[in-house]
Amino acid sequence: MKILTAKQKFQNFMSVRSDNPDLLKAQYRAFTRQMPMMYFILLSSTWALAITHMQLAPFWLTIGVPTLFTLGCTLRVAFWWKTRGIDPKPKMAHAALQRTNRLAVGIAMAFTLWSFLLVPYGDAYMQSHVAFYMAITVISCIFCLMYVRSAAFIVTLIVNGAFIVFFLASRQPTFIAIAINVLLVCAGMMSILLTNYRNFERMVVSQQRTEALSNENLLLANMDSLTELPNRRAFFTHLEVELEKARAAGTRLALGVIDLDGFKPVNDLYGHSVGDRLLVNVSKRLTANLKASRAFRLGGDEFAIVAPIIPDDAQLVANANAISEQLRAPYHMPEGTVHVSASMGIAVFPNLASTLEQLFDRADYALYHAKKTRRGDAVLFDAEHEKQINIEARIEHLLKQRDMENELSVVFQPIVDIHDGGTDGFEALARWHSPILGHVPPTQFFSIAERAGIVSSLTRPLLKKALASASQWQPSLRLSFNLSAHDLNSCEGVLSLIGIIENSGFDARRLDLEITETAFAHDFEQVRQSVEMLRRLGCGISLDDFGTGYSSLTRLHALPLTKIKIDRSFVTDLHEKPASYKIVKSLLTLSRDMGLECVVEGVETPEELAALEGLGATLVQGYVYAPPLREEDVDEFLSWRRAATRNSAGKSQAAIAS
């Protein structure tokens with residue numbers, strides 16, 4: 001058994017390994033660089049030995065055989081020179097190195113036999129030259145063949161083995177000494193060769209490990225660990241490559257940016273582990289039917305698709321809507337059935353987008369419009385969107401001007417108690433009249449300011465103006481003022497608001513600060529702390545547009561609220577819409593059960609007002625009483641309401657008396 005094992009080890013040692021492709025390729029590259037030098041040394045030494053024997057040895061031995069050697073070696077040099085720049089495949093490298101092993105046997109035997117044939121000719125000097133030729137040449141070959149260990153050993157065993165045996169058998173003390181010396185030198189050379197080869201092998205293996213680790217790190221750096229989709233970094237790299245290909249080929253490239261609708265409530269209701277599993281399922285559905293296109297996870301619940309082969313615009317939108325439809329199907333999980341939808345914004349290169357930044361920004365803008373106007377569907381960025389971008393860019397630029405405060409003003413819409421007709425207070429509403437753009441709707445410029453992160457620079461001057469006006473009112477009237485989520489995102493921002501309130505001289509207990517459910521999409525813990533600071537100051541806290549968001553019921557108990565405001569979308573024609581009627585009834589009941597006041601917004605007709613009165617509503621605001629009023633019109637409205645209330649009370653008493 002030991003003999004068989006030793007035999008197997010020897011065979012492995014004397015053969016070319018094929019189990020490591022990178023090692024094979026490294027051996028091949030190193031070998032090709034040294035082969036020309038080896039053949040040059042071999043031929044130059046051969047012709048030097050042949051020339052010294054020309055006068056003594058036969059012509060075929062001094063000219064014929066070296067010429068054949070020269071032809072054979074020249075062919076081999078030409079072959080290696082031609083292949084020196086090739087990056088070989090492992091099979092090719094293995095075949096070439098095996099062929100070198102076989103040729104090493106033939107070449108070593110041929111040159112050794114030729115050398116021995118020259119020994120009988122000439123004197124002791126000539127024989128010494130033969131000995132020198134064999135010793136020096138084999139040493140040179142060992143160095144040149146050091147990266148093909150088996151070939152180096154074959155040459156050493158054949159040449160030096162024959163050399164040592166031959167000269168030991170000569171019984172000539174000098175030749176015996178030379179043979180022993182060469183034996184020792186070759187033994188040392190082979191030891192050095194083995195050490196260098198092991199170092200070479202270790203270096204290649206180390207490079208392999210380093211490269212594998214680098215590739216793994218690169219993969220981790222470019223892959224989303226949760227969904228195993230390429231991440232945001234990989235997305236921009238891939239998009240840049242595809243964009244260059246499309247530009248060079250003159251083809252179109254589509255980018256779709258996807259955002260899940262209703263994902264946050266899943267996290268709130270079921271927890272983040274279910275949310276993570278939902279994202280995994282979404283990514284699987286997203287990639288299931290993609291062929292030439294590629295999907296990415298940009299972060300959170302946002303994904304992207306890069307499509308290098310696209311149809312016409314109509315079919316592109318149809319395909320995108322088909323993807324949204326697939327993502328809209330219910331997700332069945334152990335914790336329950338989850339429903340989300342997916343809005344998608346699409347932009348196409350080179351249509352209205354010529355750079356990577358433009359392509360991404362336009363897809364993101366289209367996504368914004370999809371979520372705003374066609375939630376759960378796909379929207380293609382078009383010329384109308386580009387026009388809107390230019391308008392919004394101009395608005396954003398003007399919003400950042402220094403004298404913006406002088407262009408802002410505040411109007412006030414009354415909040416009326418429908419039971420006694422008295423005015424409870426007013427809600428302050430922002431207005432902007434630009435010398436350049438004219439009147440800009442607040443819904444437009446506030447949304448732009450929020451996206452640009454400059455809304456707080458509008459909130460502060462507007463709050464100052466509103467408090468200055470409200471300070472002139474009678475003490476029974478309250479002021480409602482809207483805050484943006486950005487106003488509550490930091491302690492510094494809230495402290496700035498508190499400073500404005502305290503310096504105004506207006507009683508903070510008469511101030512209701514309204515926040516929308518969009519604030520919950522930000523750092524909820526910071527929002528909660530900010531609200532508590534304002535509540536400790538004495539301010540009331542109203543939840544605006546109640547019922548239109550996703551997380552109000554799960555977050556309602558966590559905030560120190562004093563009021564809720566029912567959005568006008570539920571109020572419009574509620575007397576003709578049973579669903580709206582039931583929703584408003586439920587919200588009014590909920591507010592009473594929680595001990596919160598409730599203000600109903602957007603009441604415009606007497607029929608809506610009568611329906612709300614029948615449901616037990618108390619506080620309402622809307623055009624049924626008055627549009628937003630200028631500061632100078634507030635007193636006139638209050639006088640009119642007092643007169644209307646007295647007349648109403650007088651008529652009621654007259655009716656009772658009669």
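Note that this is a predicted model, so its numbers are computed, not measured.

Rules used in this analysis
Residues numbered from 1 in each chain as written. Predicted model: local features only at pLDDT ≥ 70, side-chain atom pairs only at ≥ 80, totals over all residues. Heavy atoms only, no water. Helix = DSSP H or I, 4+ residues; strand = E, 2+ residues; numbered from the N terminus. Rg over C-alpha atoms; globule rule 2.2 N^0.38 Å. Buried < 20%, exposed > 50% of the residue type's maximum accessible area, 1.4 Å probe, protein only. Contact = heavy atoms within 4.5 Å. Areas by Shrake-Rupley, 256 points an atom, 1.4 Å probe, with all protein chains shown as cover. Pairing = 2+ DSSP bridges. Axes fitted to C-alpha atoms, helices over the stretch in contact; angles between N-to-C directions. Phe/Tyr/Trp six-rings, centres within 6.5 Å; stacked < 30°, edge-to-face > 60°. Lys NZ or Arg CZ within 6 Å of the ring centre and 35° of its normal. Core = buried A, V, L, I, M, F, W, Y, C linked by side-chain atoms within 4.5 Å. pLDDT = per-residue confidence, 0-100. Parallel < 35°, antiparallel > 145°, perpendicular 65-115°, else oblique. Left-handed = near helix turned anticlockwise from the far one by under 90°. Nonpolar A, V, L, I, M, F, W, Y, C, P; charged D, E, K, R; others polar. Patch = residues over 30% accessible without salt bridge, like charges linked within 9 Å, V, L, I, M, F, W, Y side chains within 5 Å. Salt bridge = Lys/Arg side-chain N within 4 Å of Asp/Glu carboxyl O.

Caption draft 1: Representation of the overall build of the protein chain in the model. For the protein chain, the helix and strand inventory stands at 22 helices and 16 strands. For 658 residues, the compact-globule estimate of 2.2 N^0.38 gives 26 Å, and the C-alpha radius of gyration of the protein chain, at 45 Å, exceeds that figure by more than 25%. Summarising its shape, the C-alpha atoms of the protein chain cover approximately 160 × 55 × 50 Å along the three principal directions. Classification of the 658 residues of the protein chain by burial places 46% in the buried group. Pairs at least 24 residues apart make up 71% of the contacts formed inside the protein chain by residues separated by at least 6 positions. When the accessible surface of the protein chain is totalled, it reaches about 32,900 Å², and 58% of it is carbon and sulfur.

Caption draft 2: Broad picture of the sheet that holds strand E2 (residues 294-299). Strand order in the open sheet formed by five strands is E2-E3-E1-E6-E7, with mixed pairing between adjacent strands. Two strands close off the open sheet at either side, each with one partner strand: E2 and strand E7 (378-380). Along the sheet, successive strands turn relative to each other by an average axial angle of 20°, direction set aside. Pairing of strand E1 (residues 253-261) with strand E6 (residues 341-349) involves nine bridges; the strand directions are antiparallel. Each residue of the ladder has a partner; that of Ile-258, found in E6, is Met-344. In the packing of helix H10 (residues 272-288) onto the sheet, contacts are made with E1, E2 and strand E3 (302-307), and the angle to E3 comes to roughly 15°.

Caption draft 3: Just the packing of aromatic side chains, in detail. This structure, assessed with the given rule, holds 14 aromatic pairs. With a centroid separation of 5.5 Å and 85° between ring planes, the pair formed by Trp-432 and Phe-445 is classed as edge-to-face. You can see Trp-432 sitting in strand E9 (residues 423-434) and its partner Phe-445 sitting in helix H15 (residues 442-452), a full 13 residues away along the chain. For Trp-432, a relative accessible area of 0% translates into the label buried. With a relative accessible area of 0%, Phe-445 lands in the buried category. Here a set of aromatic residues connected by ring pairs shows up, and it is made of Phe-412, Phe-426, Trp-473, Phe-637 and Trp-640. Over the aromatic face of Tyr-331 sits the side chain of Arg-285, whose NZ or CZ is 3.6 Å from the ring centroid.

Caption draft 4: Seen up close, the nonpolar core. Leu-399 and Leu-479 are the most contacted members of the largest nonpolar core, which totals 76 residues. Element by element, the count of residues in this core is highest for helix H16 (residues 456-470), at six residues. Sequence-distant contacts of Leu-399, defined by excluding residues within four places in its chain, comprise Met-404, Trp-432, Phe-445, Ile-448, Ala-449, Ile-454 and Leu-458. The next biggest cluster of nonpolar side chains, apart from the first, holds 61 residues, and it includes Tyr-133, Phe-163, Ala-179 and Met-189.

Caption draft 5: The arrangement of the confidence of the model for the protein chain in detail. Across the protein chain, the average pLDDT comes to 83, with 91% of residues at or above 70. Summarising per-element confidence for the protein chain, the mean pLDDT is lowest in helix H1 (residues 2-13) (55) and highest in strand E11 (residues 478-482) (95). In this model, residues 652-658 is a region of pLDDT below 50 whose contacts with residues beyond four sequence positions or in other chains number zero contacts.

Caption draft 6: Structural context of the packing of helix H5 (residues 124-144) against helix H6 (residues 149-168). Look at H5 against H6: their axes get within 9 Å of each other, and the N-to-C directions meet at 160°. Regarding the angle of H5 to H6, the classification is roughly antiparallel. Pair H5 / H6 crosses with left-handed handedness. Each of Gln-127, Ala-131, Met-134, Val-138, Cys-141 and Ile-142 in H5 lies in contact with H6, whose residues at this interface are Ala-152, Val-155, Thr-156, Val-159, Asn-160, Phe-163 and Phe-167. Of the residues that constitute the contact of H5 with H6, the class distribution is ten nonpolar, three polar and no charged.

Caption draft 7: How the structure looks around the environment of Pro-475. With respect to the secondary-structure elements, Pro-475 resides in the loop between H16 and E11. Given a relative accessible area of 67%, Pro-475 falls into the exposed group.

Caption draft 8: Quick peek at the packing of helix H4 (residues 90-118) against H6. Put simply, H4 and H6 touch, their axes get as near as 8 Å, and they point 20° apart. As far as their axial angle goes, H6 and H4 are roughly parallel. Here H4 and H6 pass one another in a crossing that is right-handed. Seen from H4, the contacting residues are Thr-100, Asn-101, Ala-104, Val-105, Ala-108, Met-109, Thr-112 and Phe-116; seen from H6, they are Ser-150, Ala-151, Ile-154, Val-155, Ile-158, Val-159, Ala-162, Phe-163 and Phe-166.

Caption draft 9: Expanded view of unusual backbone geometry. The omega torsion across Phe-349 and Pro-350 is 0°, close enough to zero to call that bond cis. When you line up the elements, Pro-350 lands in the loop between E6 and helix H12 (356-373). The phi dihedral of Glu-228 is positive, around 65°, even though this residue is not glycine. Within the secondary structure, Glu-228 is located in the loop between helix H7 (173-221) and helix H8 (232-249). Despite not being glycine, Asp-573 has its phi angle at roughly 55°, a positive value. Locating Asp-573 in the fold gives a position in the loop between strand E14 (563-566) and helix H20 (578-593).

Caption draft 10: Geometry of a nonpolar patch on the surface. A cluster of nonpolar side chains, Trp-60, Leu-113 and Leu-117, forms an exposed patch at the surface whose accessible area comes to about 330 Å². For Trp-60, the position within the fold is in helix H3 (residues 59-82). On the basis of relative accessible area, Trp-60 is assigned to the exposed category, the value being 51%.

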